[in-house]
Each structure stands twice: as structure tokens, then as C-alpha cells.
Amino acid sequence: MRISLIALAISAALAAGCQTVETTKQGTVGVDRQQHMLVSEQEVEASAQKQYAQMMAEAQKKNALDRDAAQVQRVKTIVSRLVPQTVVFRPDALKWAWETHVLSSSEVNAWCMPGGKMAVYSGLIEKLQATDDELAAVMGHEISHALREHSREAISRQMATQTAVGIAGALFGVGDLGQNLGNMVADVTLNRPNSRTNETEADRIGVELAARAGYNPEAAINLWQKMAKLNSAGQPPKWLSTHPSNEDRIKDIQVYAQKVMPLYTAAKAGPSAGK
Ligand SMILES: [Zn+2]
């Protein structure tokens, strides 16, 4: 009796706040999975913005923010070519308050928070000796996670679990489990490993963004090979803990890099080529 009451309460609570969305259009690579959200895009973006501002202020205090002007310029140029391509997947992303900073750190890492708040760590650029095409592969992949709102999706999953625990707790008198959206946004974006599905989506959309921006989409293959090399040399990149790799990944990227190759060729030949 109790159990069925709980199940009923949980499904009612979830149904009330649950929304099925398609965060992006399919593009040439054809990503079309529907997603279930329990929290609004606006709430998640506002929290991300706050967290990002705090983190950048802390980096500034430690004198670790945008220290190498040439590096910053390089990263910002690449991002500024990638961002306009997001319109193919979601036109509203052009209105996001995109922001990019380079953090001085030995960590091999990069991320993009909901709403387009990005960081690239100097360790990634230096230890990988990343080319522009490879950096475009990293940032294209990160931007794709943000376009697909994978963080919002992960938070929604956590909330579903917490709601279940919370309702059960309330019924049994254990008390409510509070949640802090801001911490959750940072946690899922910076610390939690992405699912295989999320990774495949970010890989596929990422190569298309890079190709459309005039960066060789095959560089994504080199990028993952360089990451794997560092890993086997006993210097596991932090990036691999949030973007777990698998054997099939490179094969999938090879297929999709070929698929978007005509977009790359067209971008190279187009009026904005050589920028
Ligand atoms: Zn990823």
C-alpha cells in the first residue's frame, strides 16, 4: 500500500514538471534524440552564469585568468568562428551571452557551461601541442554539449532521483533533501562523466560545427589519439574523466568527419575562407 502510494506521488510530481524537448535541429549529422527535462533552461543558464562569474573571479585572484595574450587571442578566434555555426542546430544560441577564458593550469581540460560559458586550460593547449584544427575539435565538442543541454538533462535526472528520495523521506519522516541548482550545474558540467550517448552526440555535432567553420573535421581523430597517448603515458587528462572514451568513438568520428567533409571544403572555398 505504502509503496504504491509513493510510486503514485512520484509519478504525479514528475509528470507535473516534466517536459519533453528537442534541444537542437538535426543538422547534416542527424542527431534527433528527444530529451526529458525537469528544470527550465532559464534557471539552469542563470545558475551557470553565476557559477562561471565566481570561478573566473577566483581565477583572477589567483592570477590565472587570461595570462597569455597570444593564447587567449587564438582560442577566442577559434570560438568566434564556431559560434555562428550553431545557428544550424539552434537559432536561439546566437543570442546566448557566449564567453571564453583561458585558465592557467597544468590540467588538460576544457568545458562549456550551459548558455555558452567556456574555459580552456593552458595545460590542454601546451601538453597536447594542439593545432587550431584540434582546438576547434575540442571546443566544437564542448559547445555541442551546451547546445544539446546535456547538463540540464543530467540535472533533471538527478532531480528525479532526489524527488523520489524526497517524497519517500517525507512519507517516512526522514525529511526533505534540499538541492542547490548552482552546485549541480557546475558539478554535472565539470565533474561528472558524460554518458556514451551524450558523447556521441557531441562528437557528431562537434565535427559539423568545426567543418562549417572551416576547420578540418578529421582533427577530432588526432585529438582523441593525443588524449589517449597522454593517458597511456601516465598523465591522464582531466578531460577524459568527464568525456570517457571508448573503442568505437574514433570509428564513429571517422564516419561523421567524412559526412561533413563537403561542408569543410565549401567553407574553405567560401568568402570567409582564410580568416
Ligand atoms: Zn564530451
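About the cut-offs
Residues numbered from 1 in each chain as written. Predicted model: local features only at pLDDT ≥ 70, side-chain atom pairs only at ≥ 80, totals over all residues. Heavy atoms only, no water. Helix = DSSP H or I, 4+ residues; strand = E, 2+ residues; numbered from the N terminus. Contact = heavy atoms within 4.5 Å. Buried < 20%, exposed > 50% of the residue type's maximum accessible area, 1.4 Å probe, protein only. Pairing = 2+ DSSP bridges. Axes fitted to C-alpha atoms, helices over the stretch in contact; angles between N-to-C directions. Salt bridge = Lys/Arg side-chain N within 4 Å of Asp/Glu carboxyl O. Arc of directions from axis to C-beta.

A. Summary view of the environment of alanine 146. Within the secondary structure layout, alanine 146 lies in helix H5 (residues 132–147). Considering only alpha carbons, one finds alanine 146 and threonine 23, 123 residues apart in sequence, at a separation of 9.7 Å. Those residues in contact with alanine 146, other than ones at most four positions away along the chain, are Arg90, Trp96, Cys112 and Met113.

B. The arrangement of unusual backbone geometry in detail. In this structure, glutamine 129 takes a positive phi of about 45 degrees despite not being glycine. Within the secondary structure layout, glutamine 129 lies in the loop between helix H4 (122–127) and H5. What makes glutamine 129 exposed here is its relative accessible area of 65%. Here glutamate 149, not a glycine, exhibits a phi torsion of approximately 55 degrees, which is positive. Summarising the element assignment, glutamate 149 is placed in the loop between H5 and helix H6 (150–172). By relative accessible area, which is 9% here, glutamate 149 ends up buried.

C. Inspection of the sheet that holds strand E5 (residues 117–121) at higher detail. What the three strands build is an open sheet, ordered E3-E5-E4; its pairing is mixed. Across the chains shown, the open sheet's two edge strands, defined by having one partner strand only, are strand E3 (99–103) and strand E4 (110–113). Averaged over all adjacent pairs, the angle separating strand axes in this sheet is 15 degrees, with direction ignored. Relative to E5, E3 is paired through five bridges, and the arrangement is parallel. Opposite histidine 101, over in E5, you have alanine 119 as the bridge partner. The strands that helix H3 (residues 69–82) touches are E3 and E5; relative to E3, the one it contacts most, it runs at about 145 degrees. Against the sheet, H5 engages E4 and E5, with an angle of about 30 degrees to E4.

D. Broad picture of the pattern of salt bridges. Overall, the coordinates contain 17 salt bridges when judged by the stated rule. Glutamate 41 is the partner of arginine 90 in a salt bridge, and the nearest nitrogen-oxygen pair spans 3.1 Å. Taken together, the residues arginine 90 in the loop between H3 and E3 and glutamate 41 in helix H2 (residues 41–61) connect sequence positions 49 residues apart. The class for arginine 90 is buried, based on a relative accessible area of 4%. Given the relative accessible area of 19%, glutamate 41 is considered buried. Three or more residues are tied together by salt bridges with common partners; here these are Arg33, Arg148, Glu153, Arg157 and Glu201.

E. Quick peek at helix H11 (residues 247–259). Of all the positions in H11, only Arg249, Asp252, Ile253, Tyr256 and Ala257 are classed as buried. Seen end-on, H11 carries its buried residues on one side only, within an arc spanning 135 degrees. Facing away from the buried side of H11 by more than 90 degrees, the exposed set consists of Glu247, Lys251 and Val255. Tucked into the core, H11 has its buried residues touching H5, helix H8 (196–212), helix H9 (219–232) and helix H12 (261–269).

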